[in-house]
Each structure stands twice: as C-alpha cells, then as structure tokens.
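# Close look at the chain arrangement
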Amino acid sequence: MKQTIIQVDAFTNTPFSGNPAAVCVLTEPQSDQWMQQVAAEMNLSETAFLHPHEDDYALRWFTPTTEVPLCGHATLASAHVLWSEGYLPLDQSARFDTKSGLLTATRHEDWIELNFPAATYTPIAIPEPLPQALGMPVQSVQVTDLGYLVEVDSADRVKQMQPDLGVLARLEQPNAIVTSLAKPESAFDIVSRFFAPGLGIPEDPVTGAAHCVLGPYWCRRRQQDTLLAYQASPRGGVVKVSYDGSDRVSLSGQAVTVFRAEII
C-alpha cells in the first residue's frame, strides 16, 4: 500500500518555522496500529490521517506515542493540504468529523480560520512542585483538559523558561501551558509556550488546542473578543484568536507545504 504523506508547517507562512505536522490523506480507513506506527516514524508532535466520509472528511491525530482528541495545527495543516492538493475547491469550507465533534476550516485569502470548541478551565491552588518544574515563580494556575494553564508575570519569563520536564512529567497534570501578557511595545497581546511530556512532546512549537483555552482565559481577562497571540517556542508561530463568550472559539493561522513523500 503506497500512501502520500505531506509535511506542512502550520501557524506560519515561512518554511522551517511554526509547527510541523504530517498529513496523510487516505483512500480508506487504516488500522490504529498502522497510524500509530506512521506517527512514530514521522516523530512530529502530530500526524493527521483523514479520508472522505459522506460529505466530510474523517480526521484523527496521533503524536509519536498516542492518539489525541483534538489538535489545532494538524487540522490547519489538513485543511491546507485539501485545498493546495486539489481535494477541495478553494472557495469550499473543509469539514472534519473528529473525536471532538464537527470542526470546520475556511480560507480567508492566505489565512485559514478554524472553528473549534472553547475549552474550560478551573482555578486551583498552585501545586507545590510546579514552580520547581518550571524553574520560576508562578502567579496563578488553572486546570484544563490539556493540563495546567500557568500564568507568570512577564513575557521574558515565558521566553527564557527552561523547565525540568522530568519533574513536570511526574505531576498530576504532566503538561503545562505557560502564558503571560506580551510586552506593551509588542505587536502581540499574549505569549505562551506548551510543554507536554505527558503526550510524548517535550515542547510543542505552536499549539492550536492550547489557544482554545488561552482565548477564553485572556479575552475575559482583557475584556476583548480578539487576540493576536505568539507562541514563543524556538520555532515560533502566530495565532489570531476570536472568542465571543460562547462554547466555540475561532483560531486563524497560515500554513506552508515543506515536502511530499511516499509511504511504501
């Protein structure tokens, strides 16, 4: 069985930045074992597998070690592939059947807008080992379905952070979104990074799913309905976030194809 696999850098318009995702458009469903093996071989934070399903596309996401219920950058990459490879007309929205329900993607010139479920968060006391794991003081902590949402006091702390992933992996929540307001002179509203040893990902370069909680959190804090967010990993990436207080959030980003390969 030969299958084409395409690597896309998501949440960027520049190759070799943003978050790389592998996208495999299947003619028919494949086994979980095969998809997990391919994802381990690609060794990216996410590999997406999709195939036609009624009027939509069935979509699943795998890290090198496990399947995940939601992934933003690999959905962005999947929509980019459907349009750039001619699977869908450029003026037609992409619709994905996923474990997180129906997700849609729409092109707006060279930006792709994703409609995703907004994530919830609950404030908790700061877990005693968490500042040690992150190597810096912590202002507040929320717990989310993705892990801890940790606010620190400056963008510099976010950018300079060198967490102890071994300590983080042993916490009750082995993943952490770390965030702060951007510097006042910055073009961005917020900055963040995402460390996910619990998912087999030391640091995810740009995380759509994290912005499903960062959007509601910061839009409420700042009393505004749009944000320009920068994920300050070494690769870096930009996410436009819109949130109107409902149970949905819009994430917009760009994407660029890096290479195509054939699984033989």
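See the structure shown above.
Residues numbered from 1 in each chain as written. Predicted model: local features only at pLDDT ≥ 70, side-chain atom pairs only at ≥ 80, totals over all residues. Heavy atoms only, no water.

## Describing unusual backbone geometry
Applied cut-off: Under the scheme used here, helices are H or I runs from DSSP no shorter than 4 residues and strands are E runs no shorter than 2 residues, and both carry numbers assigned from the N terminus. Three labels apply to residues, based on accessible area from a 1.4 Å probe with only protein chains included: buried if under 20% of the type maximum, exposed if over 50%, partly exposed otherwise in between.
Positive phi, close to 55°, is recorded for E54, a residue that is not glycine. By the element assignment, E54 lies in the loop between β3 (46-53) and β4 (56-62). A relative accessible area of 76% places E54 in the exposed class. Phi is positive for Q223, close to 55°, though the residue is something other than glycine.

## Observations concerning the pairing of strand β15 (residues 226-231)
What counts here: In this scheme, strands are said to pair when DSSP sees at least two bridges between them.
The side-chain alternation of β15 yields one buried face, formed by L227, A229 and Q231, and one unburied face, formed by T226, L228 and Y230. Note: strand β13 (residues 190-196) against β15, three bridges, orientation parallel. Of the residues in β15, the one forming a bridge with S192 is Q231. With six bridges connecting them, β15 and strand β16 (residues 237-243) associate as antiparallel partners. Bridge pairing in β16 places A229 opposite V239.

## Re helix α2 (residues 72-84)
The condition that has to hold: Each residue after the first adds 1.5 Å to the expected span of a helix.
Here α2 spans 18 Å end to end across 13 residues, near enough to the 18 Å set by a 1.5 Å rise per residue. Among all positions in α2, only G72, H73, A74, T75, L76, A77, S78, A79, H80, V81, L82 and W83 are buried. Phi turns positive one or two residues past the end of α2, at G86, with a value near 85°.

## Observations concerning the nonpolar core
Let me state the cut-off plainly: Only buried residues count toward a nonpolar core, which is a set of Ala, Val, Leu, Ile, Met, Phe, Trp, Tyr and Cys residues joined through side-chain atoms within 4.5 Å.
Ranked by internal contacts, the top residues of the largest apolar core, which has 55 residues, are L50, W61, A94, F96, A105, F116 and V249. Among the elements that line this core, the one with the most residues is helix α6 (residues 208-222), at eight residues.

## A look at the pairing of β3
Selection rule: Look down the strands so they point away from you; if the path from the first strand over the helix to the second goes clockwise, the crossover is right-handed.
Among the eight residues that make up β3, six are buried, leaving the element largely enclosed by the rest of the structure. Bridging between strand β2 (residues 19-25) and β3 involves five bridges; their strand directions are parallel. Considered in β3, the bridge of A21 is made with E46. As for the winding sense of the linkage, the β-α-β connection from β2 through helix α1 (residues 32-42) to β3 is right-handed.

All quantities given are derived from atomic positions and should not be read as evidence of function.
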